[in-house]
Amino acid sequence: MKQLTDTLPDYGALYKSGLRTNEYQLVLTPHEELRNKILAVKKAFHETYPGGHANFVRPHLLLAKFTQLDMLEEKITHRLRLVGNGYHPFRVDLKNYGSYPTHSIFINVLSRQPIQTLVKEVKQFQRLMKYDNNRRPFFMDEPVITIASRLQPWQYEQGWLEYSHRQFTGRFLAESMLLLKRRTGDRAWQIAERFEFKNMPVNTRQGELFF
């Protein structure tokens, strides 16, 4: 006999479907000179190997991405602000290229430990970022700066044959992280908030939890 619950609509999902949702990305952004250098590499790759996922927005280093209700943004930004207040500025070193076989080519990030530690701190409140079981937050545990993704086999094979022998160097000081957002279905991203790394003492940060 069919369960009664199998025939009832998911009222929680129906309620959510009528509310505004946003896509979010939490990122580190290099300084302007390095951004332009990376952007030139991305454009050159896609001119030589057209197709794939050509994304020419401001280059960044992804920390996390998620979809969530607009009404929860204030709670999320509050927690991210606390993380930023307690974290310290750090140097990010970039060197040469790496790949995910068959589909992506990226710039290697050498200074991974401070980034991975930062991502772990953000993960502590991942429940706020979970929209539902099908849309869970994604955290970048192995930081990279993507040059090309969703490549076709010929693009990857020919592109990686070239870029595996190319050199790239760069560095920047990460003094803050950005939360980018766009309404679900839109293309353009906007800055929701910047979180400065202030390296504040623990007791000061804990006091902010009560405001």
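Whatever comes next refers back to the structure up there.
Residues numbered from 1 in each chain as written. Predicted model: local features only at pLDDT ≥ 70, side-chain atom pairs only at ≥ 80, totals over all residues. Heavy atoms only, no water.

Student: With reference to specific residues and values, describe the overall build of the protein chain.
Tutor: Of the regular secondary structure elements, the protein chain holds seven helices and nine strands. Within the protein chain, contacts between residues separated by at least 24 positions form 78% of all contacts whose residues are at least 6 apart in sequence. Accessible surface, the protein chain: about 12500 Å² in total, of which carbon and sulfur atoms supply 50%. (Helix = DSSP H or I, 4+ residues; strand = E, 2+ residues; numbered from the N terminus. Contact = heavy atoms within 4.5 Å. Areas by Shrake-Rupley, 256 points an atom, 1.4 Å probe, with all protein chains shown as cover.)

Student: Explain the sheet that holds strand β3 (residues 90–100) to me, using residue names and the numbers behind them.
Tutor: Ordered in space as β6-β4-β3-β7, the four strands form an open sheet in which the pairing is antiparallel. Single-partner strands in this sheet number two, and they are β6 (144–148) and β7 (169–174). Going from strand to strand, the sheet's axes swing by 35 degrees on average, the running direction of each strand aside. Across six bridges, β3 lies against β7 in antiparallel orientation. Along β7, the bridge assignment pairs Arg91 with Leu173. Against the sheet, helix α3 (residues 32–48) engages β3, β4 (104–109), β6 and β7, with an angle of about 35 degrees to β6. (Pairing = 2+ DSSP bridges. Axes fitted to C-alpha atoms, helices over the stretch in contact; angles between N-to-C directions.)

Student: Which residues make up the pattern of salt bridges, and what values go with them?
Tutor: Evaluated as defined, the whole model comprises nine salt bridges. Across the pair Arg91 and Asp93 runs a salt bridge, and its minimum N-O distance is 3.2 Å. Under the relative-accessibility criterion, Arg91 is labelled partly exposed at 45%. Within this structure, Arg91, Asp93 and Arg171 form a network of salt bridges that share partners. (Salt bridge = Lys/Arg side-chain N within 4 Å of Asp/Glu carboxyl O. Buried < 20%, exposed > 50% of the residue type's maximum accessible area, 1.4 Å probe, protein only.)

Student: Give me the nonpolar core: which residues, what numbers.
Tutor: The biggest cluster of nonpolar side chains holds 44 residues, and the ones touching the most others in it are Leu28, Leu80 and Met177. Val27, Met140, Leu178 and Leu180 belong to the second largest nonpolar core, which has five residues in total. (Core = buried A, V, L, I, M, F, W, Y, C linked by side-chain atoms within 4.5 Å.)

Student: Account for the packing of aromatic side chains, with residues named and values stated.
Tutor: As enumerated under the stated definition, the model contains nine aromatic pairs in all. For the ring pair Tyr24 and Phe66, a centre distance of 4.9 Å and an interplane angle of 15 degrees mean the geometry is stacked. Of the two residues, Tyr24 sits in strand β1 (residues 21–28) while Phe66 sits in strand β2 (residues 61–69), which places them 42 residues apart along the sequence. Judged by relative accessible area, which is 2%, Tyr24 ranks as buried. A residue is classified by how much of its surface remains accessible, and Phe66, at 4% relative accessible area, is buried. On the basis of an interplanar angle of 90 degrees and a centroid distance of 5.2 Å, the ring pair of Tyr97 and Tyr163 is categorised as edge-to-face. On the criterion of sequence distance, the pair formed by Tyr97 in strand β3 and Tyr163 in helix α6 (residues 153–163) is long-range, its members being 66 residues apart. Since its relative accessible area comes to 2%, Tyr163 is described here as buried. A cation sits over an aromatic face here: Lys37 above Phe168, 4.7 Å from the ring centre. (Phe/Tyr/Trp six-rings, centres within 6.5 Å; stacked < 30°, edge-to-face > 60°. Lys NZ or Arg CZ within 6 Å of the ring centre and 35° of its normal.)

Student: Can you explain the packing of α3 against α6? Please cite residues and give values.
Tutor: The contact between α3 and α6 brings their axes to 11 Å, and the two run at 130 degrees. Between α3 and α6, the angle falls in the class oblique. The handedness of the crossing between α3 and α6 is right-handed. Together, Val41, Ala44, Phe45 and Thr48 of α3 and Gln155, Gly159, Glu162 and Tyr163 of α6 make up the contact between the two elements. (Parallel < 35°, antiparallel > 145°, perpendicular 65-115°, else oblique. Left-handed = near helix turned anticlockwise from the far one by under 90°.)

Student: An account of the side chain of Gln25 is requested, with residue identities and associated values reported.
Tutor: Position of Gln25 among the secondary structure elements: in strand β1. Since its relative accessible area comes to 16%, Gln25 is described here as buried. A polar contact is formed between the side chain of Gln25 and the side chain of His60, at a distance of 3.4 Å. (Polar contact = N/O pair within 3.5 Å; in protein donor to acceptor, adjacent residues only side chain to side chain.)

Student: Quick rundown of the sheet that holds β1? Include the residues and the values.
Tutor: Sheet architecture is open: five strands sit in the order β5-β2-β1-β8-β9, paired in antiparallel fashion. Because the sheet does not close on itself, it has two edges, and the strands there are β5 (138–139) and β9 (190–196). As paired strands, β1 and strand β8 (residues 176–183) are joined by six bridges and run antiparallel to one another. Residue pairing across strands places Glu23 opposite Arg182, the latter belonging to β8. Helix α5 (residues 113–123) rests against β1, β2, β5 and β8 of the sheet, and its axis sits at about 15 degrees to β2.

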